[in-house]
Amino acid sequence: MNGGGDDEDVVVAASADASPPLQWRFSQVFGERSAGEEVQPVDMISAIEFDHSGDHLATGDRGGRVVLFERSDAKHSSGARRDLEETDYPVRHPEFCYKTEFQSHDPAFDYLKSLEIEEKINKIRWCQTANGALFLLSTNDKIIKYWKVQDKKIKKICDINADPSMGNGTVANGVPEANISSLRLPVVITSHESSPVAKCRRVYPHAHDYHINSISNNSDGETFISADDLRINLWNLEISNQSFNIVDVKPEKMEDLSEVITAAEFHPTHCNMLAYSSSKGSIRLIDLRQSALCDSHSKLFEEPDAGGSKSFFTEIIASVSDIKFAKEGRYLLSRDYMTLKLWDINMDSGPVSTFQVHEYLKPKLCDLYENDSIFDKFECCISGNGLRAATGSYSNLFRVFGVSPGSTETGTLEASRNPMRRHVPVPTRPPRLGGMIGRAGSESAGGVDGNSNNALDYTTKLLHLAWHPNENLIACAAGNSLYMYCA
């Protein structure tokens, strides 16, 4: 599934029988810093999520804040003939504007375990809207919160019963006696523009001994799951003091622990099905109808054992960092350190497709282990039509792949105002050591040679990104900046 070309202007390539390749272009940026301006760690974006309609986008940061954006192009479109003519060609891409922000989590301390709890937002998930209000879940390492955001009109005083007379002139005990008509009271109050107000509806605490790595809404609109390294809990949105443990992989003796849970996701249409991934590279599909405690899975998805020698890093790079169901629910996307895989839940013999993301980093695994980069958890996302998928990399780069049958579409973009500035052709086979050395005047996407001045910057990593549910629009986080790209 690799592709590319020799022309530097070519962004993506696709086979003749597949859908035409997309030409990506910069759309918007929020929070961009000027060159040389220092980015504070608390401002780094740690979560991104579109709602189901695509009209709203939420981001969370390391400082515990949640920032909401809403689509502005659809909001301001009147539907008049002139507006419709303007959308003939080129197609108007979604545009977003800032809506509001609120402090979701604050630093806390678990006195029972003498543990400091960071305010960093790990995940955000949108819930079903009701009565014009927005609802979402946000979580840090230990505490999940359920938020309601609703526009409320601001009331302003327009008229006061002002009376120039301050009294009737009578004096009692040397003090002027005030007249009731001298009281200044509002007599006309009008409602002007509305302002969004966030209110925490419920808090779901003390249900996880380990750090929460996933939350996922159920399609029934009433329940959700939260997962840590060893357990998955099932919650009802209306009940905050009780949850049900549905998966528990903790052994009787911790020294017997061989794998941990890395991500969990509900099926988008079947409320009884969910999938979770492990640090060994496997994905398990479970059915809540089988038993209350789902220790046994209904299907197991894992890469067939290719044999051959295994190194110290084999299991580390096989650990799945993220999983996402496609919109219709048949296909499942997974990301490990080296690859992006597409699975068919009706076929558990192996992945349908495997896309190489970090193949060129194999010779650098020792260095990546020493600087802890090998443990970076890259997210993945899939388009609403299920034809393409995207995932992040280093140097603020992200990759877009065509995942439809027969497609060889692939592209490399940089999270900047010029997304194709660092694009180079993707090799069709694993490169030799030093085979992707950057040259003067151009930059290599590989940068695997240690002597190259254009080597990848492992400190600028694009971990978080999201695909609009209905449009070809990708939102991704580069440090504290939110970039959007459309096609």
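Per chain, residue numbering runs from 1 following the sequence as it is written. Where local features are concerned, this predicted model is filtered to residues with pLDDT of at least 70; where side-chain atom pairs are given and counted, the filter is 80 or more; whole-chain, interface and lining totals use all residues. Hydrogens are left out, water is left out, and the side-chain values use all remaining heavy atoms of the structure.

Caption draft 1: Representation of the overall build of the chain. Under the DSSP-based scheme used, a helix requires at least four consecutive residues in state H or I and a strand at least two consecutive residues in state E, with every element numbered from the N terminus. A count of helices and strands for the chain gives 4 helices and 33 strands. Accessibility here uses a 1.4 Å probe with only protein chains present; expressed as a share of the type maximum, an area under 20% marks a residue as buried, one over 50% as exposed, and anything in between as partly exposed. Scored against the burial criterion, the 487 residues of the chain give a buried share of 48%. Whether two residues are in contact is decided by their heavy atoms: any pair within 4.5 Å suffices. The long-range share in the chain, meaning contacts at least 24 apart out of those at least 6 apart in sequence, stands at 57%. Counting only carbon and sulfur atoms, one obtains 50% of the accessible surface of the chain, whose full area is about 24,400 Å². Only the protein chains shown count as cover for residues, and the accessible areas themselves come from Shrake-Rupley with a 1.4 Å probe.

Caption draft 2: Seen up close, the pairing of strand β24 (residues 331–336). With 5 of 6 residues buried, β24 lies mostly within the body of the structure. Strand pairing is defined by DSSP finding a minimum of two bridges between the two strands. Relative to β24, strand β23 (residues 320–325) is paired through 5 bridges, and the arrangement is antiparallel. If you follow Ile323 over to β24, its bridge partner there is Ser334. What sits between β23 and β24 in their antiparallel hairpin is a turn of 5 residues, with Gly329 showing a positive phi close to 95°. The hairpin turn running from β24 into strand β25 (residues 339–344), its antiparallel successor, is 2 residues long.

Caption draft 3: Layout of unusual backbone geometry. With a phi angle near 55°, His206 is a residue other than glycine that sits in the positive phi range. Positionally, His206 belongs in the loop between β14 (186–204) and β15 (214–217).

Caption draft 4: Representation of the environment of Val67 within the structure. Along the chain, Val67 falls in strand β5 (residues 65–71). A residue is classified by how much of its surface remains accessible, and Val67, at 14% relative accessible area, is buried. Between the alpha carbons of Val67 and Gln103 there is a distance of 8.9 Å; along the sequence they are 36 residues apart.

Caption draft 5: Quick peek at the nonpolar core. Each nonpolar core is a collection of buried residues, namely Ala, Val, Leu, Ile, Met, Phe, Trp, Tyr and Cys, held together in the definition by side-chain atoms within 4.5 Å. By size, the foremost hydrophobic cluster in this structure holds 17 residues, and its most contacted members are Trp24, Phe398, Val400, Leu465, Ile474 and Cys476. Put simply, the parts of the chain that give this core at least two residues each are β29 (397–402), β31 (465–467), β32 (473–478) and β33 (481–486). Per-element tally for this core: the top contributor is β32, with 3 residues. Core analysis: the next-biggest nonpolar cluster, separate from the first, contains 16 residues, Phe313, Tyr337, Leu365 and Leu397 among them.

Caption draft 6: Quick look at the packing of aromatic side chains. Within 6.5 Å between ring centres, the rings of Phe, Tyr and Trp (the latter by its six-membered ring) count as paired, and their orientation is classed by plane angle as stacked under 30 degrees, edge-to-face over 60, tilted in between. For the structure on display, the rule yields 22 aromatic pairs. Measuring from centroid to centroid gives 5.3 Å for Tyr204 and Trp235, while their planes differ by 70°, and the two rings are edge-to-face. Of this pair, Tyr204 sits in strand β14 while Trp235 is found in strand β17 (residues 231–236), placing the two residues 31 residues apart along the sequence. On the basis of relative accessible area, Tyr204 is assigned to the buried category, the value being 1%.

Caption draft 7: Here's a closer look at the side chain of Arg125. Mapped onto the elements of the fold, Arg125 is located in strand β9 (residues 123–126). Not counting residues within four places of it along the chain, the set of residues in contact with Arg125 comprises Glu49, Leu136, Leu137, Ile215, Ser216, Asn217, Glu265 and Lys324.

Caption draft 8: Highlighting the pattern of salt bridges. One speaks of a salt bridge when a side-chain nitrogen belonging to Lys or Arg is within 4 Å of a carboxyl oxygen belonging to Asp or Glu. Scanning all chains against the criterion turns up 25 salt bridges. Lys324 serves as the salt-bridge partner of Asp322, at 3.0 Å between the closest nitrogen and oxygen. Judged by its relative accessible area of 3%, Asp322 falls in the buried class. Here Lys364 makes a salt bridge to Asp367, at a shortest N to O gap of 3.3 Å. Lys364 sits in the buried class, given a relative accessible area of 14%. A network of salt bridges, in which partner residues are shared, links Arg33, Glu37, Asp43, Asp61 and Arg65.

Caption draft 9: Geometry of the side chain of Asp344. Counting through the fold element by element, Asp344 comes out in strand β25. Note on Asp344: relative accessible area 6%, which makes it buried. Polar contacts here mean pairs of N or O atoms no more than 3.5 Å apart (in protein, one a potential hydrogen donor and the other a potential acceptor; neighbouring residues in sequence count only if both atoms are side-chain atoms). At a separation of 2.9 Å, a polar atom in the side chain of Asp344 contacts the main-chain amide nitrogen of Asn346. Sequence-distant contacts of Asp344, defined by excluding residues within four places in its chain, comprise Phe301, Arg330, Tyr331 and Val352.

Caption draft 10: Main features of the sheet that holds strand β4 (residues 56–61). Taken in spatial order, the 4 strands make up an open sheet running β3-β4-β5-β6, and their pairing is antiparallel. Both outer strands of the open sheet, β3 (45–50) and β6 (96–103), are each paired with one neighbouring strand and no more. Neighbouring strand axes in the sheet, compared pairwise and without regard to direction, differ in orientation by 20° on average. In the sheet, β3 pairs with β4 via 5 bridges, with the strands oriented antiparallel. Looking at β4, one finds that Ile45 is bridged to Asp61. The axes are straight lines fitted to the C-alpha atoms, using for helices just the contacting stretch, and the angles between their N-to-C directions are given from 0 to 180°.

Caption draft 11: Geometry of a nonpolar patch on the surface. On the surface, Phe312, Tyr369 and Phe375 cluster together into a nonpolar patch covering about 320 Å² of accessible area. With respect to the helices, strands and loops of the structure, Phe375 is situated in the loop between α4 (365–370) and β27 (380–382). Note on Phe375: relative accessible area 44%, which makes it partly exposed. Each patch is built from residues lacking any salt bridge and having more than 30% relative accessible area; the joining distance is 9 Å for like charges and 5 Å for nonpolar side chains (Val, Leu, Ile, Met, Phe, Trp, Tyr).

Caption draft 12: Representation of the environment of Phe244 in the model. Inspection of the secondary structure assignment puts Phe244 in strand β18 (residues 239–248). Under the relative-accessibility criterion, Phe244 is labelled exposed at 51%. As a C-alpha pair, Phe244 and Asn233 span 11 residues in sequence and 5.4 Å in three-dimensional space. In this view, Phe244 contacts Ile232, Asn233 and Leu234; residues no more than four positions away in its chain are not counted.

Caption draft 13: The arrangement of the pairing of β3 in detail. Counting buried positions over the 6 residues of β3 gives 6, a clear majority of the element. Here β3 hands over to β4 after 5 residues, with Gly54 in that stretch at a positive phi of 85°.

Caption draft 14: View of the sheet that holds β15. Pairing within the open sheet is antiparallel, and its 4 strands lie in the order β15-β16-β17-β18. Of all strands in the sheet, those with a lone pairing partner are β15 and β18, marking the two edges. Strand-to-strand, the axes of this sheet are offset by a mean angle of 25°, without reference to chain direction. By the bridge criterion, 4 bridges tie β15 to strand β16 (residues 223–227) in an arrangement that is antiparallel. Its bridge partner lying in β16, Ile215 is registered against Ser226.

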